[in-house]
Amino acid sequence: DMGRFVGDYRRSLYRVAGGLDGEFGAFGTDWKWDIYAQHSETELEPRTYNNGITPNYLKALDSVMVGNTPTCRVNADADPSNDDPACVPYNPFGIGVNTQQALDYVVGVSYRHETLQQSVAALNVSGEPFSSWAGPVSLAVGAEHRIEQVSGWATERDEATEFFAGNYKASHGQFDVTEGYLETVVPLARDLKGAQELDLNAAVRATDYSTSGYVTTWKGGLTWRPIEDLRFRFTRSRDIRAPNLGELFTAGQTGSGVVFQDPFRATNGVPDFVPNGFSLTQGNPNLQPEEADTTGFGVVMAPRFLPGFQAAIDYYSIDVTGSVQAPGAQKVIDLCFQGNATLCNSIIRGDDGRIFMVVTQPQNLIGQKASGIDVEASYRFPLSRLNGDMVIRAMASRVLKLETEDTDGTVYDGAGVVGSWGGISPFAGLTAPKLRGFASVSYKGDPLTLTAIVHYTGPGVYANGFIECSTDCPEATREAPTIENNHIASMTTIDLSGTYKFEGFELFGTIENLMNTQPPTIGGSLTSTHWSGQNSAGYDRIGRQYRMGVRFQF
């Protein structure tokens, strides 16, 4: 009779922005400037209808017969101090057996209202103050100030964690950022033997966060064209990602039905099993920005003997330290058991000593490393008989390394892993198929354009730590489980599109996933589907789609 949960999430945004731009003369050259300011507000309203009110449900369920009338026990005992005149007995058996009054007592609406605000003001100036022996030196400088804040409220029952699910908490917090930057491109050589072009590009940004303090980021790079057909590029940078409002200040949302294993209350070495605990993820105002050292190297080829052809190959390597991660509730329990006294404060126990709730906060805990190669090529040539051009293009990305270091120092290899599965890798771990790409062939004419695109997602595995076997398998462990089939198939889809121009308007149409190719079946747990969570990344789960439309101008 209680009905199913009904989730409703409403979001509205308004934004006001304005600016000015112009030019002025200085140092004998022309300079450009612009200033702008903006303010935006986003209203967030999550609701959960038919949400069970846990204390009311327990009282309504615990009913007795008083004079052949079902009565809540709290109103039937001799102690008037715990009476609840609003309590109406609830019958969990059958359909249509409870009155609306009984339903109104045991279910309610979980609700939160939040407002996110952002205010920004910025100034930018760019120009070419002087020239070197190889050409003009360009320069850009600027400053920006940004204020972000969150405020809101939630129902009393949400704040008191009285609902079966949801239990929204109102978030409050604010931070501001002041930044200044300088960027330049300095030509070092022009039209020399072995150096038709050689440019240095560099940038530095000073950033001051009201929450985490000052940080400097920078970038340095070179582009070198030894001959007209060939250009090399190199960059090295220090990058950051600052924690957002949610990671800093979220008051949390409670998850119910969480399973805990409590090693502190073990019996004969078997941890106490808690099947219906609560978890609460809260913000951490002490978070620091994530830092990354990024290296990129590439080459662009445009051979003169093959007009219309261009290809690029780029290698990247990214090393992130202090990645923000909220450790799972069980991880908090395990680390507390291993001696982390700080995390022990996040474990809340009931009167019976069993774990009632685990509070988790994002921390600068993990490191992540990624490297790979990106390849792109295109070839355009005329089709004189058809009065148009043929364009062939292809792109591919090959992952070489994708590692996540967990809080205990364990390194998880996510290269080739399709989503996080089975607890073998952390939820926040980096995962991706090793190979992805697409190729397209287009005829571009007037008035007709036709394009065919092939998308490819390479095969993957559930996890690199699994031992694949069907007979004589070793004993499975948490770090090295056994699995009969650790292979996830690749997926290839074909799209067709076309346009036809008339005088004053254009018709277009697309068929996505022409062959209605199904994604590979991925085994899931009993509480998930086989395409759930991150396992769906990179796959078309909709099937064949048709789109048609018209474009026109007045």
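The preceding data block contains the structure.
Described below are features of the structure shown in this document. Values in this document were obtained by computation on a predicted structure and should not be read as measured data.

Thresholds, definitions, all that
- Residues numbered from 1 in each chain as written.
- Predicted model: local features only at pLDDT ≥ 70, side-chain atom pairs only at ≥ 80, totals over all residues.
- Heavy atoms only, no water.
- Salt bridge = Lys/Arg side-chain N within 4 Å of Asp/Glu carboxyl O.
- Helix = DSSP H or I, 4+ residues; strand = E, 2+ residues; numbered from the N terminus.
- Buried < 20%, exposed > 50% of the residue type's maximum accessible area, 1.4 Å probe, protein only.
- Disulfide = S-S within 2.5 Å.
- Core = buried A, V, L, I, M, F, W, Y, C linked by side-chain atoms within 4.5 Å.
- Contact = heavy atoms within 4.5 Å.

**Here's the deal with the pattern of salt bridges**
Okay, so step 1: Under the counting rule described, the total for this entry stands at 27 salt bridges.
Okay, so step 2: Across the pair E290 and R241 runs a salt bridge, and its minimum N-O distance is 3.1 Å. On the criterion of sequence distance, the pair formed by E290 in strand β14 (residues 290–301) and R241 in strand β11 (residues 230–241) is long-range, its members being 49 residues apart.
Okay, so step 3: Its relative accessible area of 11% is what places E290 among the buried residues.

**With respect to the state of the cysteines**
Okay, so step 1: The final tally for this structure, using the stated rule, is three disulfides.
Okay, so step 2: With its sulfur 1.9 Å from that of its partner, C336 forms a disulfide with C344. On the sign convention where negative means left-handed, the S-S torsion of about 105° between C336 and C344 marks this disulfide as right-handed.
Okay, so step 3: Judged by its relative accessible area of 7%, C336 falls in the buried class.
Okay, so step 4: Disulfide pairing places C469 opposite C473 at an S-S distance of 2.1 Å. On the sign convention where negative is left-handed, the bridge of C469 and C473, at about 130° about the S-S bond, is right-handed.
Okay, so step 5: For C473, a relative accessible area of 34% gives the class partly exposed.
Okay, so step 6: With cysteine numbering restricted to those in disulfides and following the sequence, the protein has the pairing 1-2, 3-4, 5-6.

**Digging into the nonpolar core**
Okay, so step 1: Residues F260, V274, A329, V332, I333, L335, C336, L343, I347, I355 and V358 constitute the largest nonpolar core, which totals eleven residues.
Okay, so step 2: Sorting the residues of this core by element identifies α6 (329–337) and β17 (355–360) as the ones contributing at least two each.
Okay, so step 3: The element best represented in this core is α6, accounting for five residues.
Okay, so step 4: With residues up to four places along the chain from it excluded, the contact list for V274 reads V258, V259, F260, R354 and I355.

This is a description of form; function is not addressed.
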